[in-house]
Amino acid sequence: MLALVVTAFVYTALAVAAGLQVGWMVATPDQVDVRTLLLFGGTVLALWAVRYQERVLAERLGQHYVRQLRGGLVRHALSGSRAPSLGITVARTTNDLSSVRNWVAQGITPLVSAIPLVLGSVAALAVIDWRLAIAVGGPVVVLALLLVGLSGAALERATLLRRQRGRMAARISDTVHAAQGIVAGGGVDRELRRLDADSRRVTTAAVDRAKVAGLLRGAAMAAPLLASGTLAAAAAVGGVDPARLATALTIVGVLGAPLGDLGRVVEYRQNYLAARRIIAPLLASVATQRSPEQPAGDWRAAPGTGLTVRGLVVHGEPVADLAAPPWSRVLLRSTRPERKRAVLAELVTGGDGAVGCLVDGIPLGLADASTRRGLVGMAYAGAWFERGQIGRAVRYRVPDADDPAVYRALADVGLRSRVAALPDGLRTELRRGGEPLNRWERAQLQLARATIGNPPVLVLSDIDSDLDRAGVNQLNSLLARYPGTVVCSTPDPERLAADWTRWDLDEPVHGRG
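Computed from a prediction, not measured in an experiment: that's the story for all the values here.

Q: How should the side chain of D466 be read in this particular structure?
A: Take D466: it is sitting in the loop between β11 (457–461) and α14 (469–481). In this structure D466 comes out as buried when scored by relative accessible area, which is 11%. When neighbours within four sequence positions are excluded, D466 is seen to be in contact with A381, G382, A383, R439, W440 and A443.

Printed below as a string of C-alpha cells:
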C-alpha cells in the first residue's frame, strides 16, 4: 500500500512535467530539438512504467488480501454443524472474494492514484492560470457528485444480485448431490425448470446492476471530455495563451484514464460492500473462537485412564457423564439421531475446554489440533475424502507415518490387497470424494485413517452401515483386538460383536444444565 501511494505521487509529478514540457514546446517552437523530444519521450516512458508498476502492485495487494480471507471462510465452513452448504461456500470463496479483490486491486488503487493526480494537476493549473484550474476542476466536482448520488442504487442492485447468485449456487450444489434420487424419481426436467427460474432471477438482477454501472461508467468517461470542452471555451472567451492551453490539455489527457476508472471504482466499492455484509461477520466469528487456556476444576484423570466425559452440554441439554477405561466398548443410545451425531462431534473436538472430554487426562477442548488427532480417531458413514493420494488419506492423522505403517493400517481393515492391486498403489489419486474406491472400500479407508497409530479413543459413527459383510467381519475382528476405548453409534448393534457398555444420551441429568 505504501508503494502504491508513492507510485501515485510519482505519477502526478510526471503528468505535470509532461504538461509543462508540451506547453514549453508550443511556446518556444524554435528551441525544440532532438534532446527536447528525447526528454519528452523519456517522460512518457516513465509514465508508462509507473502505470505498469501500479497495476502489478495493486494485483499483488488484492491477491494477498483475499488469500487470507479465503482461509478464514474455509475455516468457518469447517467449523461444525452451522457450516453453510457447499454451494454457498463456493459462492463466498469465488464470487464474493472476487468482489473484494476487485475493490482492493482495481478500486482502492485508482482512488490512491486519482486523488493526488487530480489535486496536484488542479493545483499546478491554478499556478499557471486560475481559469484553467476552474475549467478542469468543475467537471471533476460534477463527476464526484454524480458518483455519490448513484452509489446507493449501485449497492442495492449489487446486494440483490449477490443474494440471487448465492441462492442459485446452493440449488446447483444440492441438485448435483441429489442426482441419483432425482434421476430415479424422473425429476430431471423439474429440477432444470427450478434452476432456470433461479437463473432468470440472476439475469434480471445482473441487468439491473448493469444499468447503474453503465450510468457510472458513462459519467466517468464524460468528465475528461467535458474538461477538454471547458478548457477550449475558457481559451476562446478568456484569451488563454496557447502554450498554457496545450499544457492543460496534456494534463487532462493524462487525467482521462484515472477519471474514467472512477465509475468502475464506485461499482467495485458497492459490490464489495454487498459481499462484506456476509463475509465480515463470518470472519469475526472465526477470529473470536475460544483460545486455549488452562483447565479449571478438579480433574483426577491420569494417563492410561481412557475417555472421561463430564459436564458436557449439547444443544442446551446436559449429557450423562462417562468414564470409559481402555478396552471399553461404548454404545451410544438415543431416540434422536441428531443428538448422537452432536455428541460424537464433541468427542472429536473436545467440548468446552474445562468441561467436556478428557483422553488420558488431557482436555481435548484445550488441546491443539495436532494433539487431538493423536488422541482420537474417527470413522463415519458417508465419508467424502479430500483430493489427494490414498497414502495421504490414510496418514492424514499421522502425517509422519511411513509406508509400512500405512500398509499395516490398510491390512487391519481388509483393504491392503485392493490398494496394492491399483496401478499406482498408495499413490493413486482420490477424486470426487473417493473414486476409484467404492462405498464400502471408502468406509474401510476411513477405518484405516482412524486407527493408524492406535489412538487412545476410536469413534465410530454408523460406519458399519457403509460396509459389506466382509467389511463388517473385519470390523468385528478389529473391535476384538483394539487396545483403546471405542465409542460407537450404529443402526444395527447386533451386527457388531462386542461387550457393550450402554451410554444413554436421553437419560435425565439432574443438578446441571
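The discussion continues.
Q: Would you explain the sheet that holds strand β7 (residues 362–363) in this entry?
A: Consider a sheet: its strands pair through backbone hydrogen bonds, and that pairing is either parallel or antiparallel. In spatial order, the strands read β4-β1-β6-β7; together these four strands make up an open sheet with antiparallel pairing. At either margin of the open sheet sits one strand with a lone partner, and together these are β4 (322–324) and β7. Judged from the two bridges that link them, strand β6 (residues 356–359) and β7 form a sheet pairing that is antiparallel. Paired with L358 across the strands is P363, a residue of β7.

Q: What am I meant to see in a nonpolar patch on the surface here?
A: Together, M1, V5 and F9 make up a nonpolar patch on the protein surface, roughly 280 Å² of accessible area in all. Along the chain, the position of M1 falls in the segment before α1 (2–27). A relative accessible area of 47% places M1 in the partly exposed class.

Q: Before we go on, may I ask you to explain α14 in this structure?
A: In an α-helix, one turn spans 3.6 residues, which is why side chains three or four residues apart end up on the same side. For α14, built from 13 residues, the straight-helix expectation of 18 Å at 1.5 Å per residue is met to within 8% by its first-to-last C-alpha distance of 19 Å. Taken residue by residue, α14 has G471, V472, L475, N476, L478 and L479 as its buried positions. Viewed end-on, α14 has its buried residues packed into an arc of 160 degrees, placing them on one side of the element. Of the residues in α14, the exposed ones pointing more than 90 degrees away from the buried face are R469, A470 and A480. Of the surrounding elements, those touching the buried residues of α14 are β5 (329–333), α13 (439–451), β11 and β12 (485–489).

Q: Help me understand α13, please; the structure alone is not making it clear to me.
A: Helix length check: α13 (13 residues) gives 19 Å between terminal C-alpha atoms against 18 Å at 1.5 Å per residue, within 8%. In terms of burial, α13 is a largely internal element, eleven of the 13 residues being buried. By the burial criterion, the buried members of α13 are E441, R442, A443, Q444, L445, Q446, L447, A448, R449, A450 and T451. Residue G453 follows α13 closely and has a positive phi angle near 85 degrees.

Q: What should I look at first to understand the sheet that holds strand β13 (residues 501–504) in this one?
A: Strands sit in the order β8-β11-β12-β5-β13 across an open sheet of five strands; the sheet is parallel. Strands with a single pairing partner mark the edges of an open sheet, and in this sheet they are β8 (376–380) and β13. For this sheet, the mean inter-axis angle between neighbouring strands, taken without regard to orientation, is 20 degrees. As defined by bridge partners, β11 adjoins β12 across five bridges and the pair is classed as parallel.

Q: Honestly, the pattern of salt bridges in this entry has me stumped. Any pointers?
A: Opposite charge on two side chains lets them pair, provided their charged atoms get close. Here the structure, examined in full by the defined rule, presents 20 salt bridges. With a closest N to O distance of 2.8 Å, E441 and R418 form a salt bridge. With E441 in helix α13 and R418 in helix α12 (residues 416–421), this residue pair connects regions lying 23 residues apart in the sequence. On the basis of relative accessibility, which here comes to 27%, the residue R418 falls in the partly exposed class. Put simply, E317, R336, R339 and D506 are held in one network by salt bridges that share partners.

Q: For this particular structure, what's the right way to read the environment of R67?
A: Inspection of the secondary structure puts R67 in helix α2 (residues 34–77). C-alpha of R67 to C-alpha of R101: the two residues are 34 residues apart in sequence and 9.5 Å apart in space.

Q: I keep staring at the nonpolar core and nothing clicks. Help me out?
A: If you look at soluble globular proteins, the nonpolar side chains tend to sit buried side by side. Among the nonpolar cores identified, the biggest contains 52 residues, and V100, L125, L143, L231, L255, L259 and L262 are the most heavily contacted of them. Of all the secondary-structure elements, those providing two or more residues to this core are α1, α2, α3 (86–128), α4 (130–177), α6 (188–238) and α7 (242–287). The biggest single contributor to this core is α7, with 16 residues. Aside from chain neighbours lying at most four places away, what touches L262 is L111, A114, L143, L147 and A220. Judged by nonpolar contacts, the second largest core, of 38 residues, contains F385, A405, A409 and L426.

Q: Just checking my understanding: could you explain unusual backbone geometry for this structure?
A: Peptide bonds are trans in most cases, and residues, glycine excluded, mostly fall at negative phi. The amide bond that connects E435 to the next residue, P436, takes the cis arrangement and shows omega of 15 degrees. Tracing the backbone through its elements, the reader meets P436 in the loop between β10 (429–430) and α13. Backbone geometry places D360, a non-glycine residue, at a positive phi of 50 degrees. Of note, D360 is situated in the loop between β6 and β7. Its identity as a non-glycine residue notwithstanding, N454 has a phi of 50 degrees, on the positive side. Residue placement: N454 occurs in the loop between α13 and β11.

Rules used throughout
Residues numbered from 1 in each chain as written. Predicted model: local features only at pLDDT ≥ 70, side-chain atom pairs only at ≥ 80, totals over all residues. Heavy atoms only, no water. Helix = DSSP H or I, 4+ residues; strand = E, 2+ residues; numbered from the N terminus. Buried < 20%, exposed > 50% of the residue type's maximum accessible area, 1.4 Å probe, protein only. Contact = heavy atoms within 4.5 Å. Pairing = 2+ DSSP bridges. Patch = residues over 30% accessible without salt bridge, like charges linked within 9 Å, V, L, I, M, F, W, Y side chains within 5 Å. Areas by Shrake-Rupley, 256 points an atom, 1.4 Å probe, with all protein chains shown as cover. Salt bridge = Lys/Arg side-chain N within 4 Å of Asp/Glu carboxyl O. Expected span 1.5 Å × (residues − 1). Arc of directions from axis to C-beta. Axes fitted to C-alpha atoms, helices over the stretch in contact; angles between N-to-C directions. Core = buried A, V, L, I, M, F, W, Y, C linked by side-chain atoms within 4.5 Å.

Taken by themselves, the reported measurements are silent on function.
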